[in-house]
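Structural overview for review
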Amino acid sequence: MLKIFGRWHERKKIYFYRFILFCSFFGTSLLLIALSKRKATPIIWDKIFRFFNPDIKYSKFRIAGDLSAAILLILILSLIMGVYFYLFERKFIDSCRDMAATSAIIVLNLLLIKFLLPIPTFAVPAFVGVILISLLIDVRVSIIFNMVLSIVNLLIVEMDNISFALHLFVTGSLCAIVSHSIHNRLQFISHGFLASLISSLFVLSAELVFKINGAEVLTTSANSFIGTTLSFIIAYGTLPVWEYLFDFTTPIRLMELSNPNHPLLKRLLLEAPGTYHHSLIVGNLAEIACEAVGGNYLLARIGAYYHDIGKLKRPFYFKENQIIEEDPHNRITPTLSALIIISHTKDGVEIGKEYRLPRQVLDIIKQHHGTTKVAFFYGKALSQNQQVSEEKFRYDGPIPQSKEAAIVMLADSVEAAVRALSSPTPQLIEATIRNVIQEKLLDGQLNNSDLTFKELEIISESFIKVLTGVFHKRVSYNIFEDSSNKPDEVIVGSENNHSKSAG
């Protein structure tokens, strides 16, 4: 009963925090709207004091109506957004981090607009918030907030020009769409320029319908280009702050982690070279498979690059890093060996936190083995007649919670299994890959990954295609000796060399 009450209390507390966040956002919006009323008093506190002052020059009903209309507008907008998010974007309202970041971004964007009001209205960087929300959270959430921000911005700048209203809605939606596909700095420039150009052309065509003075039309069009460009410049400049403040994993941040000169990847190359090259192959497998099923292929590739960094603590206890014939596991018990192997996921998370890896990459490091069993050492313990619990030979988990984590798990397992084959053939490679995926499925490791049977088949085909090209029989060509009379020796030698390189 206490547990149930505790969960209910925790859930109520979470919803209370969300309520506070939304009230903060809309309250600040209301404050900015009130401050923007130049025809009334310039400061909202004057309105409040004059409301209770009998010598007030303005009608109490006018002031009360002014504020009531603004409050009603905010409530209607919040109701529309709340219903939409509840029905179609439940993931957004379930994340306090996303809501907190969105509220902070929008409030600061509105404050920026209010601060820059002396400049021409079309030149105001009104789309900074829309761009950041699209980059950090989701493009659909960004478009919905753009609809609301368009109305709020109109009230702040006090402009009833229809072309400006269309500019806010159309250009804002365009900025959200083009920002969603930005993966590097060059695309920030190219997509920003494209959005600014389309914005200026749109404003030019809209203004021509209402304006007669050609010079004014051209000036307004140029201002819209400046305003959109400024929005992208400010968004790009402040993006790292939001990434690290709220721990967001953007494509730009992931691309930085893919640099071979990253300190952690350099450590992996020097201290655990076998693990490094294994991770590169797993990264390629995960990227291709993830792209085929519509997942975040960039996250899958980077997650695979770093998934085994925990092996840096004890690199020579893992087969791919053993450069000497003696296996250190022969000197310790199977239980201790299993403990060392299992601990590399926990060690990886600790190392990743030291190097400030994004949360989603840390999740892949933690989940890429799920709760699978270290079968080799479990069997070795049983063969020595040891009384052991199977749970001690299983990883701590949790099982993969996303498509990307599950695909990295499968890519890691199939690469290791195929590499261990002494004489790989296309048929044997395919059978091995399908067996590994079936084992993970039957063991319940994919239950929370949202992968369908159809997607698993697509993933299998992707793995088969890549690994068949990597691990295939190679023919030896001896240019110094005539091997025409020794075909069997040539083939055997080739297979032996391949087996050594694969180990």
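This is a predicted model, so every value here is computed, not measured. (Residues numbered from 1 in each chain as written. Predicted model: local features only at pLDDT ≥ 70, side-chain atom pairs only at ≥ 80, totals over all residues. Heavy atoms only, no water.)

1. Some remarks on the pattern of salt bridges
Throughout the structure, instances matching the rule amount to 21 salt bridges. Lys313 is the partner of Asp347 in a salt bridge, and the nearest nitrogen-oxygen pair spans 3.5 Å. Highlighted residues: Asp347 in helix α15 (residues 334-354) and Lys313 in the loop between α14 (297-306) and α15, separated in sequence by 34 residues. A relative accessible area of 48% means that Lys313 is categorised as partly exposed. The salt bridge partner of Glu415 is Arg419, with a shortest N-O separation of 2.9 Å. A residue pair is termed a helical-turn pair when its members lie 3 or 4 positions apart in one helix, as Glu415 and Arg419 do in helix α18 (residues 403-419) at four residues. In this structure, a network of salt bridges that share partners links the residues Lys313, Arg314, Asp347 and Glu350. (Salt bridge = Lys/Arg side-chain N within 4 Å of Asp/Glu carboxyl O. Helix = DSSP H or I, 4+ residues; strand = E, 2+ residues; numbered from the N terminus. Buried < 20%, exposed > 50% of the residue type's maximum accessible area, 1.4 Å probe, protein only.)

2. Looking at the nonpolar core
In terms of nonpolar packing, the biggest core is built from 52 residues, with Tyr306, Leu357, Ile433, Ile459 and Phe463 touching the most fellow members. In terms of residue count, the dominant contributor to this core is α18 (nine residues). With residues near it in sequence (within four places) discarded, Ile433 still touches Val414, Val418, Ser460, Phe463, Ile464 and Leu467. If you look at the next biggest cluster of nonpolar residues, it comprises 49 residues, including Leu117, Ile131, Leu136 and Ala176. (Core = buried A, V, L, I, M, F, W, Y, C linked by side-chain atoms within 4.5 Å. Contact = heavy atoms within 4.5 Å.)

3. Structural notes on unusual backbone geometry
For residues that are not glycine, phi is negative in most cases, and the peptide bond is trans in most cases. Residue Gly397 is joined to Pro398 through a cis peptide bond whose omega torsion reads 5°. In this fold, Pro398 is placed in the loop between α17 (375-383) and α18. With a phi close to 55°, Asp247 is a non-glycine residue in the positive phi region. Its location among the elements puts Asp247 in the loop between α10 (214-246) and α11 (251-257). In the Ramachandran plot, Arg356 falls in the positive-phi region, its phi being about 55° despite a non-glycine side chain. Looking at the secondary structure, you find Arg356 in the loop between α15 and α16 (359-367).

4. Considering helix α13 (residues 273-292)
Look at α13: 29 Å from first C-alpha to last across 20 residues, which is about the 28 Å you get at 1.5 Å a residue. Residues of α13 that are buried: Gly274, Thr275, Tyr276, His278, Ser279, Val282, Gly283, Leu285, Ala286, Glu287, Ala289 and Cys290. Looking one or two residues beyond α13, the residue adopting positive phi is Gly294, at roughly 80°. (Expected span 1.5 Å × (residues − 1).)

5. Comments concerning the packing of α18 against helix α20 (residues 453-470)
Put simply, α18 and α20 touch, their axes get as near as 11 Å, and they point 40° apart. What the angle tells us is that α18 and α20 run oblique. Here α18 and α20 pass one another in a crossing that is right-handed. Contacts between α18 and α20 involve Lys403, Ile407, Leu410, Ala411, Val414, Glu415 and Val418 from the former and Glu455, Leu456, Ile459, Phe463 and Leu467 from the latter. Here the contact of α18 with α20 is composed, by residue class, of nine nonpolar, no polar and three charged. (Axes fitted to C-alpha atoms, helices over the stretch in contact; angles between N-to-C directions. Parallel < 35°, antiparallel > 145°, perpendicular 65-115°, else oblique. Left-handed = near helix turned anticlockwise from the far one by under 90°. Nonpolar A, V, L, I, M, F, W, Y, C, P; charged D, E, K, R; others polar.)

6. Notes on the environment of Ser224
Turning to its location among the elements, Ser224 is positioned in helix α10. Residue classification places Ser224 among the buried residues on the basis of a relative accessible area of 0%. Considering only alpha carbons, one finds Ser224 and Thr121, 103 residues apart in sequence, at a separation of 8.6 Å. In this structure Ser224 touches Phe122, His167, Ser199, Ser200 and Val203, once residues within four positions along its chain are discounted.

7. A few points about the environment of Thr250
Looking at the secondary structure, you find Thr250 in the loop between α10 and α11. Linking Thr250 and Pro240, residues ten residues apart in sequence, is a C-alpha distance of 9.6 Å.

8. A look at the UniProt feature "transmembrane region" (unreviewed entry) in the protein chain
UniProt records the feature "transmembrane region" (unreviewed entry) at residues 15-35, 67-87, 99-117, 123-152, 164-182, 188-210 and 222-242, using the numbering of this structure. Taken as a whole, residues 99-117 contains 89% helix and 0% strand, while its terminal C-alpha atoms sit 27 Å from one another. Structurally, residues 222-242 comprises 100% helix and 0% strand, and the distance from its first C-alpha atom to its last is 30 Å. (UniProt positions renumbered as here; feature names shortened; annotations may be inferred.)

9. Things to note about the environment of Asn184
Looking at the secondary structure, you find Asn184 in the loop between α8 (162-180) and α9 (185-210). Assessed through its relative accessible area of 28%, Asn184 is described here as partly exposed. Sequence separation of Asn184 and Met255 is 71 residues, and the distance between their C-alpha atoms is 7.1 Å. Reaching out from Asn184, the side chain makes a polar contact with the backbone nitrogen of Leu186 at a distance of 3.2 Å. (Polar contact = N/O pair within 3.5 Å; in protein donor to acceptor, adjacent residues only side chain to side chain.)

10. Description of the packing of aromatic side chains
The full count for this structure, using the stated rule, is 13 aromatic pairs. Ring geometry for Trp242 against Phe246: centres 6.0 Å apart, planes inclined by 15°, an arrangement best described as stacked. Separated by four residues within a single helix, Trp242 and Phe246 lie in helix α10, roughly one turn from each other. Note on accessibility: Trp242 and Phe246 belong to one class, buried. Ring pairs connect the aromatic residues Tyr84, Phe85, Phe88, Phe92 and Phe145, which therefore count as one cluster. Here the guanidinium or amino end of Arg253 rests over the ring plane of Tyr244, the centre of that ring lying 4.4 Å away. (Phe/Tyr/Trp six-rings, centres within 6.5 Å; stacked < 30°, edge-to-face > 60°. Lys NZ or Arg CZ within 6 Å of the ring centre and 35° of its normal.)

11. A short note on α16
Because an α-helix packs 3.6 residues into every turn, residues spaced three or four apart end up facing the same way. Turning to α16, its buried residues are Val361, Leu362, Ile364, Ile365 and Gln367. Among the structural elements, α11, α14, α15 and α18 are those in contact with the buried residues of α16.

12. As for the side chain of Thr275
Checked against the element boundaries, Thr275 lands in helix α13. Setting aside residues no more than four positions away along its own chain, Thr275 makes contact with Leu268, Asp308, Lys311, Glu320 and Asn321.

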